[in-house]
Amino acid sequence: MSSLVPLPAHVRTADGSLPLDGLSVVAGPSEEEQRLAAVARHLLGLGAPAGDRPALVLALDDAAGPGGAASPERYSLEVSGAGAALTAPTTEGLFRGIATLAQLSTVDGEGRAVLPAVVVKDAPRYPWRGLSLDVARHFFEPDVVERVIDVMARYKLSVLHLHLTDDQGWRLELPSRRLLTEISGKGEIGDGVGGFYTMDEFRRLQEYAAARYVQVVPEFDMPGHTNAATHAYGELVPGGQPTDRFGGEEVGFSKLSFDLPETEPFLRDVFGDIAAATLGEYVHIGGDEVFTLGVEEYSRFVLLAHDVVTAAGKKVVGWQEIAEVELPADTVVQYWETRKDTAPLRRAVAGGAKILLSPADRVYLDMKYDADDARGQDWGASMPPIELRDAYDWEPDAAVEGVDPDAVVGVEAAIWSERIPDEHTLFMRLLPRLAAVAEVAWTPVDARSWEGFAARVARESTGWRDRGLTFHESPGVDWA
Ligand code: ACM
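Residues numbered from 1 in each chain as written. Predicted model: local features only at pLDDT ≥ 70, side-chain atom pairs only at ≥ 80, totals over all residues. Heavy atoms only, no water.

A. The overall build of the chain, seen in detail. Within the chain one finds 14 helices and 17 strands. Its C-alpha atoms give the chain a radius of gyration of 23 Å, near enough to 23 Å, the size a compact globule of 480 residues would have. Split into buried and exposed, the 480 residues of the chain put 59% on the buried side. Across the chain, contacts joining residues at least 24 apart in sequence account for 73% of those joining residues at least 6 apart. (Helix = DSSP H or I, 4+ residues; strand = E, 2+ residues; numbered from the N terminus. Rg over C-alpha atoms; globule rule 2.2 N^0.38 Å. Buried < 20%, exposed > 50% of the residue type's maximum accessible area, 1.4 Å probe, protein only. Contact = heavy atoms within 4.5 Å.)

If you want it as structure tokens, here you go:
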């Protein structure tokens, strides 16, 4: 199957094709099924249905998907010259199947828009197929994030993690702490103006994502990476003087102090507001790169954040470093630092934690593509560049030695924006590597091969060009 990314678990081509001209779309009566019918019409570019023409039928059916698959995102699709049937146990599964239909549509030898005849039975390898987007170092307006979400939906990604706070800026307005955005919403690395999302914009962004079955996970990074907070609220540092604005790239110098009287109320307000504004299940508490706090003080931060988030009814995810703390069961620990000892991760998993895989040497999509890529991120000799094939050719089960594969919830790409000042650069970094990570997270490992992926992803560039999305022409792919 020449056109599908990520490759479905099972796909079999058949003879013939279904012309799109006059095709009608039939779906169940619920509001969401009717909306999905409209989404399918739009993505397939369908015109007016003709009464005598075949139909694409969308239907809810628990029996859909590969035998034995339990994922709510599973679906079955059958296309022949006589019509097409898409079934799934949930509307989420129908949406994933519609993404497959959109990629299948093509033009036949006679110039007609068609769906090739095919049988697909599909389900994702992991439920968490994510992208972490840093909007703190450089800010991206909601319309840019929407275009990122559109690309995510095409590749069946399910989680958009927004890194909303860091030393350089605070990007989410909070009712209880207005100064965070009034003061630290301005500015970013370099001389850009920065910006922030109002509560209303954040809600609309989450709704835009949810309509594409993408869950937004907001992150307040603490107790390090906190200069934007201490720049707005001087009472968070000893002496009470707000810290200076920071527009550089260094990390690890900022921190909160647990014993100051204003710290705990601040954390309760901030995590409380963020949890209340979150439509999805998770809040990210950060926890990375805290170089100047003892383990005891660090633990108090992590456990307090954990308490506030869970008391607000959300689940907790945090960066790898939180595995140093004795964590409540079900905490999601996000692995990133491939140069560090992973013993704390194994201990955390033994205690009931789950692992989200973001190995920096595979899925940090701000990294250089190759040694000559002057504007890409570069961590020096300890971290090689990441070409498309590096982002593709790795096996999640082997990423953290000694961790039970059942503890892995998924794979999340990350893109840090220190060197990403605009949308053009953002997409040039994401594409094509994001498509590779999406396939790692969706497709069963025995169905994957670099050669197969390289042939399939080549065709995607036509759509990227049509939509004005920049991409890097990675070697080893015969770009369309
Ligand atoms: C990280 O890259 N500091 C999570």
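Text resumes after the structure shown.
B. Quick peek at the side chain of E73. When you line up the elements, E73 lands in the loop between β3 (55-60) and β4 (75-80). Within polar-contact distance, the side chain of E73 engages the side chain of R96 at 2.7 Å. A polar contact of 2.6 Å, which involves the side chain of E73, links it to the side chain of R129. Residue contacts for E73: discarding those within four places in its chain leaves E92, G93, R96, P124, P127, R129, S158 and W442. (Polar contact = N/O pair within 3.5 Å; in protein donor to acceptor, adjacent residues only side chain to side chain.)

C. Spatial organisation of the packing of helix α13 (residues 433-442) against helix α14 (residues 450-466). Interaxial distance between α13 and α14 falls to 11 Å at its minimum, and their mutual angle equals 130°. Relative to α14, α13 is oriented oblique. Remark: the crossing between α13 and α14 carries right-handed chirality. Residues A435, A436 and E439 of α13 lie in contact with α14, whose contacting residues are F453, R456 and V457. (Axes fitted to C-alpha atoms, helices over the stretch in contact; angles between N-to-C directions. Parallel < 35°, antiparallel > 145°, perpendicular 65-115°, else oblique. Left-handed = near helix turned anticlockwise from the far one by under 90°.)

D. Geometry of the pairing of strand β5 (residues 83-88). Burial analysis of β5 places five of its six residues in the buried class, which makes it a mostly covered element. For β3 and β5, the ladder comprises five bridges, and the chain directions are parallel. Paired with A59 across the bridge in β5 is T87. Where β4 lies against β5, five bridges are found, and the strand directions are antiparallel. When the sheet's bridge partners are listed, S76 is paired in β5 with T87. (Pairing = 2+ DSSP bridges.)

E. Inspection of the pairing of strand β9 (residues 159-163) at higher detail. For β9, the tally of buried residues reaches five of five residues, placing the bulk of the element in the interior. Pairing of strand β8 (residues 128-134) with β9, which is carried by five bridges, proceeds in the parallel orientation. Its bridge partner lying in β9, G130 is registered against V159. Following the backbone out of β8, through helix α3 (residues 142-154) and into the adjacent parallel β9, one traces a crossover that is right-handed. (Right-handed = clockwise from strand over helix to strand, strands pointing away.)

F. The nonpolar core, seen in detail. Formed by 113 residues in total, the largest nonpolar core has its most connected members in F271 and L430. Aside from chain neighbours lying at most four places away, what touches F271 is F220, M222, V283, H284, I285, A305, V308 and V309. Within the second largest apolar cluster, 31 residues are counted, among which are L58, L77, V79 and F95. (Core = buried A, V, L, I, M, F, W, Y, C linked by side-chain atoms within 4.5 Å.)

G. Here's a closer look at the environment of T90. Among the secondary structure elements, T90 is positioned in the loop between β5 and α2 (91-104). Distance in space between the C-alpha atoms of T90 and T443 is 20 Å, their sequence separation being 353 residues. In contact with T90, not counting residues within four places along its chain, are L60 and P72. At 2.9 Å, the side chain of T90 forms a polar contact with the backbone nitrogen of G93.

H. Looking closely at the pattern of salt bridges. All told, the structure shown has 31 salt bridges when counted by the stated rule. With its nearest N and O atoms 3.3 Å apart, the salt bridge here joins E418 to R137. Highlighted residues: E418 in the loop between β17 (408-415) and α12 (423-430) and R137 in the loop between β8 and α3, separated in sequence by 281 residues. You can call R137 buried: its relative accessible area is 2%. (Salt bridge = Lys/Arg side-chain N within 4 Å of Asp/Glu carboxyl O.)

I. Structural detail: the packing of aromatic side chains. According to the stated counting rule, one finds 20 aromatic pairs in the structure shown. Counting every residue linked through ring pairs, the aromatic cluster contains W170, F220, Y233, F266 and F271. Over the ring of W442 we find K156, and its NZ or CZ is 5.6 Å from the ring centre. Between R177 and the ring centre of Y233, over which it is positioned, the NZ or CZ distance is 5.3 Å. (Phe/Tyr/Trp six-rings, centres within 6.5 Å; stacked < 30°, edge-to-face > 60°. Lys NZ or Arg CZ within 6 Å of the ring centre and 35° of its normal.)

J. Seen up close, the environment of M152. Here M152 lies in helix α3. In this structure M152 comes out as buried when scored by relative accessible area, which is 0%. Apart from the residues within four sequence positions on either side, M152 is in contact with L131, L157, V159, L160, V214 and L434.

K. Up close: the sheet that holds strand β14 (residues 315-319). Pairing is parallel around the closed barrel formed by eight strands, whose spatial order is β8-β9-β12-β13-β14-β15-β16-β17. This sheet shows a mean twist of 30° between the axes of neighbouring strands, independent of strand direction. Each of β8 and β9 is contacted by α3, which is oriented at about 150° to β9, the strand it contacts most.

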